[in-house]
Amino acid sequence: MQAPDAKSLICEHCGAELQPVLMPDAGGWGQDPHWVCFNDHCTYFLEGWSWMWERYRVRASYRFRIVDSVNETVSPLPVWSKSALRNLIIKTPNGHPNARVEHPEA
Ligand SMILES: [Zn+2]
């Protein structure tokens, strides 16, 4: 039921559909949604905890992210818990998480 021009962005690590996220401080990334894997069983997310701990002694991980507005650059999104940043997921009108949406405040 996707629109013809809507493409599915898929996590390279677990195959889950990426969720559109609006970053409060996008910095140089622009205002377009970022696409993030919020699968708590994603290997990228799971392995990130030990990676961060071994190198930085930090209890944190990161989720797979594609920054669509920058030529689909893959850039890890640091998170400090399973629930971190979930509140930033954009709720789409048709309920499809991968549907393109406009900036809600625009
Ligand atoms: Zn994933």
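Residues numbered from 1 in each chain as written. Predicted model: local features only at pLDDT ≥ 70, side-chain atom pairs only at ≥ 80, totals over all residues.

### Some details on the overall build of the protein
And then number 1: Helix and strand counts for the protein come out as 1 helix and 6 strands.
And then number 2: Written out in order from the N terminus, the α and β elements of the protein read β-β-α-β-β-β-β.
And then number 3: Relative to its full complement of 106 residues, the protein shows a buried share of 21%.
And then number 4: Residue pairs at least 24 apart in sequence account for 54% of intrachain contacts in the protein once pairs closer than 6 positions are excluded. (Helix = DSSP H or I, 4+ residues; strand = E, 2+ residues; numbered from the N terminus. Buried ≥ 20, exposed ≤ 12 C-beta atoms within 10 Å, placed from the backbone. Contact = placed C-beta atoms within 7 Å.)

### As for the sheet that holds strand β5 (residues 73–74)
And then number 1: One open sheet holds the 4 strands; their spatial order is β1-β2-β4-β5, and the pairing between them is antiparallel. Looking at strand neighbours, the two that pair on one side only are β1 (19–21) and β5, the edges of this open sheet.
And then number 2: When strand β2 (residues 34–36) meets strand β4 (residues 65–67), the two strands line up antiparallel, connected through 3 bridges. Pairing of W35 across the sheet is with I66, part of β4. (Pairing = 2+ DSSP bridges.)

### Things to note about the environment of A16
And then number 1: Note that A16 resides in the segment before β1.
And then number 2: Placed 22 residues apart in sequence, A16 and F38 show a C-alpha to C-alpha distance of 8.2 Å.
And then number 3: With residues up to four places along the chain from it excluded, the contact list for A16 reads C11, C37, N39 and C42.

### Considerations on the nonpolar core
And then number 1: By size, the foremost hydrophobic cluster in this structure holds 13 residues, and its most contacted members are C11, L18, W35, V36, C37, C42 and I66.
And then number 2: Mapped by element, the contributors of at least two residues to this core are β2 and β4. (Core = buried A, V, L, I, M, F, W, Y, C linked by C-beta atoms within 7 Å.)

### Here we look at helix α1 (residues 43–56)
And then number 1: Compared with the 20 Å implied by 1.5 Å per residue over 14 residues, the 19 Å span of α1 between its first and last C-alpha is a close match.
And then number 2: In α1, a bend of some 25° at W49 exceeds every other bend along the element.
And then number 3: Just past α1, the residue R57 takes up positive phi, approximately 55°. (Expected span 1.5 Å × (residues − 1). Bend = angle between axes of the 7 residues up to and from the residue.)

### Quick notes on the confidence of the model for the protein
And then number 1: On average, residues of the protein score 82 in pLDDT, and 72% of them are at 70 or above.
And then number 2: pLDDT under 50 marks residues 1–5. Its contacts with residues more than four places away, or in other chains, come to 4 contacts. (pLDDT = per-residue confidence, 0-100.)

### A look at the environment of V74
And then number 1: Along the chain, V74 turns up in strand β5.
And then number 2: Classification of V74 as exposed rests on a count of 11 C-beta atoms within 10 Å.

### Structural notes on the environment of V36
And then number 1: Positionally, V36 belongs in strand β2.
And then number 2: Counting along the chain gives 18 residues from V36 to L18, while the straight-line C-alpha distance between them is 4.9 Å.
And then number 3: Once you skip the residues sitting within four places of it in the chain, V36 turns out to touch L18, Q19, V21, R63, R65 and L77.

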